[in-house]
Amino acid sequence: MAELAASLRDVHKNYGEATTLVRALDGVHLEVVCGELLLLVGPSGCGKTTLLSVLCGILDATSGDVEVFGQRMDRMTQEQKTAFRRENIGFIFQQYNLLPSLTAAENVAVPLLIHAVPWEDALTQARAVLAQVGLADRTEFLPTKLSGGQQQRVAIARAMVTRPRLIVCDEPTAALDGHTGQRILQVFREQVLSPERAIVIVTHDSRIFGFGDRIADMRDGRILGVHTQIATGASQDAVELQALHPQATHGNEGSA
Amino acid sequence: MMKIAIKMLMGDRAKYLTLVSSIAFVSLLFIQQGGIFCGLIGRTARPVEAVDAPIWICDPLMRSVDDAEPMQDTDLYRVRSVPGVKWAVPLIIRIVTARLANGQYQSVRLYGLDDATLYGRPAHMLSGDTRDLLENDAVIIGQAESDKLGSPKIGDSFEINDTQARVVGIAEAPRDFLSNPFVFTTYSRALSYLPPDRKTLLYILAAPKDGVPTQTVIANIEKTTGLAAYTEDGYRWHTMGYYLKNTGIPVSIGVSLAMVFVIGTGIAGQTFYAFALQNERFFGALKAMGVSGTTLTHMILLQSLLVGLIGFGIGGGLASIFGFAAGPQSKIAFAAPWELAAIALCAVLIICLLASLASIRRVLKLEPAVVFHG
Ligand SMILES: Nc1ncnc2c1ncn2[C@@H]1O[C@H](COP(=O)(O)OP(=O)(O)O)[C@@H](O)[C@H]1O
Ligand SMILES: [Mg+2]
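Residues numbered from 1 in each chain as written. Chains lettered and ligands numbered in written order. Predicted model: local features only at pLDDT ≥ 70, side-chain atom pairs only at ≥ 80, totals over all residues. Heavy atoms only, no water.

### Side note on the overall build of chain A
Turning to step 1, where the next piece is worked out: A count of helical and extended segments in chain A gives six helices and 11 strands.
Turning to step 2, where the next piece is worked out: For 256 residues, the compact-globule estimate of 2.2 N^0.38 gives 18 Å, and chain A sits close to it at 18 Å.
Turning to step 3, where the next piece is worked out: Judged by the C-alpha coordinates and their principal axes, chain A covers about 50 × 45 × 40 Å.
Turning to step 4, where the next piece is worked out: The burial tally for chain A puts 58% of its 256 residues in the buried class.
Turning to step 5, where the next piece is worked out: Considering only residue pairs separated by 6 or more positions, chain A has 66% of its internal contacts joining residues 24 or more positions apart.
Turning to step 6, where the next piece is worked out: When the accessible surface of chain A is totalled, it reaches about 10,500 Å², and 48% of it is carbon and sulfur.
Turning to step 7, where the next piece is worked out: In chain A, 23 positive and 29 negative side-chain charges are present, and the distance between their average locations comes to 3 Å. (Helix = DSSP H or I, 4+ residues; strand = E, 2+ residues; numbered from the N terminus. Rg over C-alpha atoms; globule rule 2.2 N^0.38 Å. Buried < 20%, exposed > 50% of the residue type's maximum accessible area, 1.4 Å probe, protein only. Contact = heavy atoms within 4.5 Å. Areas by Shrake-Rupley, 256 points an atom, 1.4 Å probe, with all protein chains shown as cover. Lys, Arg positive; Asp, Glu negative; His and termini not counted. Charge placed at Lys NZ, Arg CZ, Asp CG, Glu CD.)

In structure tokens form, the structure reads like this:
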């Protein structure tokens, strides 16, 4: 049985109060294990971003337990959460969020610089990781000179440069065309995924559903079910889906 | 991370230039307005500086060097007998009206110098000799503002109080606040230029005996004669203080400085805020990646500090070009002592601090939605 990367137990998150109350998370149970690529899917507004934010301590849950690598996020101070994210979590954003005035290599070096790695060392390591995601010849380009797919690869390189054990992505393919989106997911499976690392990808892009080891289906602030599949990268119809109850998801196989 | 902050700032060329130029503009206006203020106020003390005496003695009612509260002629002897006084000489500084050859009237600042020593005579003659003051009707005029007397040359003459004044020399003289031409002559001739039957002794200049502190002598003089005594610097400030208190200059310049400050804060603040808004998702990403609030604050402060210093450098530079162009002898009063630069720098830094506070606040309480979706 693979090691547990993260678990959420009966997590609630409300926005606003009284008449403006929104139950963005309404009793979420979810476990993420090392070595898997978990897709969190569901319609817009169902609470995916909120779940991801709570999972990595950007947002505090209203109630419930949030545990990442055995540590209770909900019991940490802001400073501890910031430090915890720095050490353990890599981020990939829908809009890439690359700093426009930094080159690809400098952008990738940012998490290392946050770890106080000297500038030149950080750039050397950044270039190596960029080569890994197929951008060896683009390291000194500014983001504006790169295509969307290339920018997202830079973002992937940035998320993995410090070797975090959990990588979270919110809609990483939303701004990309279908083919490019699938290429990006291939990069995730081939370059980013490893036995000791878990990847959680929030998406409503059905063209990439075939790349997940498991698919968690979310509606109205709850996880309706988690499907385990053999990740092939093929389109969803070709994959045999198997519905599982959220609490009974320990014994899945994470194939690469 | 601070290098990143700098790259973030400079990378956005257009915003960066707007920020720097708005700060430069504020610095320029601030130093320029402040410089004119210091220049104007400084000019009120020029008539004192022109004399260069260790101790100034006058009637306690004298409010400034442009005032005229005469003493008794006997006060000179009383001062000379005060312990610690090495020498004491009389001096007149009065604003009187001259009548030019063409019939025009022009007020001038008349100096009546001790006949025996000519103490207080101009240090730099442009033409002529101070000793020629001993000739009949002789006066020396200051070069500055002499155009108001019709730019007379040696040998030309005009009248003061129906008495002939013949130019025997032209000296370097400062420009004073009232922009009156300076006219130097002897004490006894100055008396003939003033209305008769009046007490006329306005100042006594004195020096302390060797080894006696000036302050001690001043205290002695004030105690034994009941007159007011100042060091030269003290009397300069006495005069400047009068103008500061009794004219509209501080208020009007103060209002324009306050406007510069408010408008500058507005412009710089808005630009900086727009810059921060645009960078919000990047700061958000950095925050998600584990950059502490303290570091983010430092980054933003560094950015605004850089903008402030560079803008101040440019604005201050432009202001000093203005100052040099004006020059000390120009009609435009401009003086920028280091205190003024320091105050302007503080004002600029406060503007930058205020501008960055707003964006720091935003960045510190970033919404996850902003972080993830931009
Ligand atoms: N800061 C907020 N304040 C109030 N409501 C919010 C806030 N953020 C999200 N919501 C609401 O919470 C629900 C879930 O939002 P979100 O997690 O962004 O959904 P998703 O990422 O699946 O589109 C939505 O109804 C959204 O309107
Ligand atoms: Mg979302």
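Read on for the rest.
### Some details on the interface of chain A and chain B
Turning to step 1, where the next piece is worked out: Across the boundary between the two partners, chain A contributes 28 residues, which contact 21 residues of chain B.
Turning to step 2, where the next piece is worked out: Between chain A and chain B lies a buried interface of about 2,400 Å² when both sides are counted; carbon and sulfur atoms form 70% of it.
Turning to step 3, where the next piece is worked out: Across the salt bridge formed by Glu106 of chain A and Lys7 of chain B, the nearest N and O atoms sit 2.6 Å from each other.
Turning to step 4, where the next piece is worked out: Here chain A and chain B share six residue pairs in polar contact (both at pLDDT 80 or more) between them. (Buried area = accessible area lost by both parts, 1.4 Å probe. Salt bridge = Lys/Arg side-chain N within 4 Å of Asp/Glu carboxyl O. Polar contact = N/O pair within 3.5 Å; in protein donor to acceptor, adjacent residues only side chain to side chain.)

### Quick word on the domain arrangement of chain B
Accessible area lost upon the coming together of the parts is a frequently used measure of interface size.
Turning to step 1, where the next piece is worked out: Under the domain assignment, chain B is made up of domain 1 (2–43 + 248–372) and domain 2 (72–226).
Turning to step 2, where the next piece is worked out: The gap between the C-alpha centroids of domain 1 of chain B and domain 2 of chain B is 49 Å. (Domains from an automatic or database assignment.)

### Some details on the side chain of Asp176 of chain B
All names here are of chain B.
Turning to step 1, where the next piece is worked out: Inspection of the secondary structure puts Asp176 in the loop between strand E7 (163–171) and strand E8 (182–186).
Turning to step 2, where the next piece is worked out: The buried category is assigned to Asp176, whose relative accessible area is 1%.
Turning to step 3, where the next piece is worked out: Only 2.7 Å separates the side chain of Asp176 from the backbone nitrogen of Ser179, close enough to count as a polar contact.
Turning to step 4, where the next piece is worked out: Within polar-contact distance, the side chain of Asp176 engages the backbone nitrogen of Asn180 at 3.2 Å.
Turning to step 5, where the next piece is worked out: Excluding anything up to four places from it in sequence, Asp176 contacts Arg43, Arg46, Pro47, Arg109 and Phe182.

### Notes on the site of ligand 1
Turning to step 1, where the next piece is worked out: Taken together, 12 residues sit near ligand 1, with Gly45, Gly47, Lys48, Thr49 and Thr50 of chain A positioned nearest.
Turning to step 2, where the next piece is worked out: Around ligand 1 the close residues trace back to chains A and B.
Turning to step 3, where the next piece is worked out: Here an oxygen atom of ligand 1 sits 3.3 Å away from a polar atom, N or O, in the main chain of Cys46 of chain A.
Turning to step 4, where the next piece is worked out: Contributions of two or more residues to the shell around ligand 1 are made by strand E2 (22–33) and helix H1 (48–55) of chain A.
Turning to step 5, where the next piece is worked out: Of the residues that constitute the shell around ligand 1, the class distribution is five nonpolar, five polar and two charged. (Near = heavy atom within 4 Å. Nonpolar A, V, L, I, M, F, W, Y, C, P; charged D, E, K, R; others polar.)

### A short note on the packing of aromatic side chains
Turning to step 1, where the next piece is worked out: Under the criterion given, the structure shown has 11 aromatic pairs over all chains.
Turning to step 2, where the next piece is worked out: Summarising the aromatic geometry, the rings of Trp87 of chain B and Tyr119 of chain B are spaced 4.7 Å apart at their centres and angled 50° between planes, so their arrangement reads as tilted. With Trp87 of chain B in strand E2 (residues 85–99) and Tyr119 of chain B in the loop between strand E3 (105–113) and strand E4 (125–128), this pair connects stretches of sequence that are 32 residues apart.
Turning to step 3, where the next piece is worked out: With 5.5 Å between their ring centres and 90° between their planes, Tyr242 of chain B and Tyr243 of chain B make a pair best called edge-to-face.
Turning to step 4, where the next piece is worked out: An aromatic cluster is present here, built from Trp56, Tyr203, Tyr230 and Tyr235 of chain B joined pairwise through their rings.
Turning to step 5, where the next piece is worked out: In this structure, Arg138 of chain A packs its charged tip against the face of Phe141 of chain A, placed 5.1 Å from the ring centre.
Turning to step 6, where the next piece is worked out: Sitting over the face of the ring of Phe69 of chain A, Arg165 of chain A holds its NZ or CZ atom 4.1 Å from the ring centroid. (Phe/Tyr/Trp six-rings, centres within 6.5 Å; stacked < 30°, edge-to-face > 60°. Lys NZ or Arg CZ within 6 Å of the ring centre and 35° of its normal.)

### Focus on the pairing of strand E9 (residues 203–208) of chain B
All names here are of chain B.
Turning to step 1, where the next piece is worked out: Counting buried positions along E9 gives six out of six residues, so the element sits mostly inside the fold.
Turning to step 2, where the next piece is worked out: The pairing of strand E1 (residues 55–58) with E9 spans three bridges and is antiparallel. Opposite Trp56, over in E9, you have Leu205 as the bridge partner. (Pairing = 2+ DSSP bridges.)

### A look at unusual backbone geometry
Turning to step 1, where the next piece is worked out: Even without being a glycine, Phe69 of chain A presents a positive backbone phi close to 50°.
Turning to step 2, where the next piece is worked out: Inspection of the secondary structure puts Phe69 of chain A in the loop between strand E4 (63–68) and strand E5 (71–72).
Turning to step 3, where the next piece is worked out: The phi dihedral of Ser179 of chain B is positive, around 60°, even though this residue is not glycine.
Turning to step 4, where the next piece is worked out: Examined against the element boundaries, Ser179 of chain B turns out to sit in the loop between E7 and E8.

### What about the pairing of strand E8 (residues 198–203) of chain A?
All names here are of chain A.
Turning to step 1, where the next piece is worked out: Here E8 lies mainly inside the structure; six of its six residues are buried.
Turning to step 2, where the next piece is worked out: Residues of E8 alternate between two faces, with Ala198, Val200 and Val202 on one and Ile199, Ile201 and Thr203 on the opposite face, all of them buried.
Turning to step 3, where the next piece is worked out: Looking at chain direction, strand E3 (residues 37–41) and E8 are connected through five bridges and run parallel. Paired with Leu38 across the strands is Val200, a residue of E8.
Turning to step 4, where the next piece is worked out: In the sheet, strand E7 (residues 166–170) pairs with E8 via five bridges, with the strands oriented parallel.

### A closer look at a nonpolar patch on the surface
Residues and elements named next belong to chain B.
Turning to step 1, where the next piece is worked out: Taken together, Val251, Val255, Met259, Ile263 and Ile267 make up a surface patch of nonpolar side chains, about 450 Å² in accessible area.
Turning to step 2, where the next piece is worked out: The topology assignment puts Met259 in helix H8 (residues 249–278).
Turning to step 3, where the next piece is worked out: Classification of Met259 as partly exposed rests on a relative accessible area of 47%. (Patch = residues over 30% accessible without salt bridge, like charges linked within 9 Å, V, L, I, M, F, W, Y side chains within 5 Å.)

### So, the packing of helix H1 (residues 2–11) of chain B against helix H2 (residues 13–44) of chain B
Residue and element names in this part refer to chain B.
Turning to step 1, where the next piece is worked out: Contact pair H1 / H2: the axes reach a minimum separation of 6 Å and the direction vectors enclose 90°. Between H1 and H2, the angle falls in the class roughly perpendicular. Contact residues: H1 offers Leu9, Met10 and Gly11, while H2 offers Arg13, Tyr16 and Leu19.
Turning to step 2, where the next piece is worked out: Looking at the contact of H1 with H2 residue by residue, the classes come out as four nonpolar, one polar and one charged. (Axes fitted to C-alpha atoms, helices over the stretch in contact; angles between N-to-C directions. Parallel < 35°, antiparallel > 145°, perpendicular 65-115°, else oblique.)

### Notes on the pattern of salt bridges
All names here are of chain A.
Turning to step 1, where the next piece is worked out: Scanning the model with the defined rule gives 28 salt bridges over all chains in all.
Turning to step 2, where the next piece is worked out: Among the ionic pairs, Asp65 bridges to Arg72, the shortest N-O distance being 2.9 Å.
Turning to step 3, where the next piece is worked out: We classify Asp65 as partly exposed; its relative accessible area is 24%.
Turning to step 4, where the next piece is worked out: A network of salt bridges, in which partner residues are shared, links Arg9, Asp65, Glu67, Arg72 and Asp74.

### A few points about the environment of Ala174 of chain A
Turning to step 1, where the next piece is worked out: Here Ala174 of chain A lies in the loop between E7 and helix H6 (178–192).
Turning to step 2, where the next piece is worked out: The spacing of Ala174 of chain A and Ile114 of chain A is 60 residues in sequence and 28 Å in space, taken between C-alpha atoms.

### Comments concerning the nonpolar core
Turning to step 1, where the next piece is worked out: Ranked by size, the top nonpolar core spans 132 residues in total, and within it Phe91 and Phe188 of chain A together with Ile4 of chain B carry the most contacts.
Turning to step 2, where the next piece is worked out: The leading source of residues in this core is helix H11 (residues 338–364) of chain B, at nine residues.
Turning to step 3, where the next piece is worked out: Ignoring sequence-local partners within four residues, the contact set of Ile4 of chain B consists of Leu99, Leu102, Val110, Leu113 and Trp119 of chain A together with Met299 of chain B.
Turning to step 4, where the next piece is worked out: Counting 62 residues, the second largest nonpolar core, distinct from the first, contains Ile55, Val65, Ile93 and Val139 of chain B. (Core = buried A, V, L, I, M, F, W, Y, C linked by side-chain atoms within 4.5 Å.)

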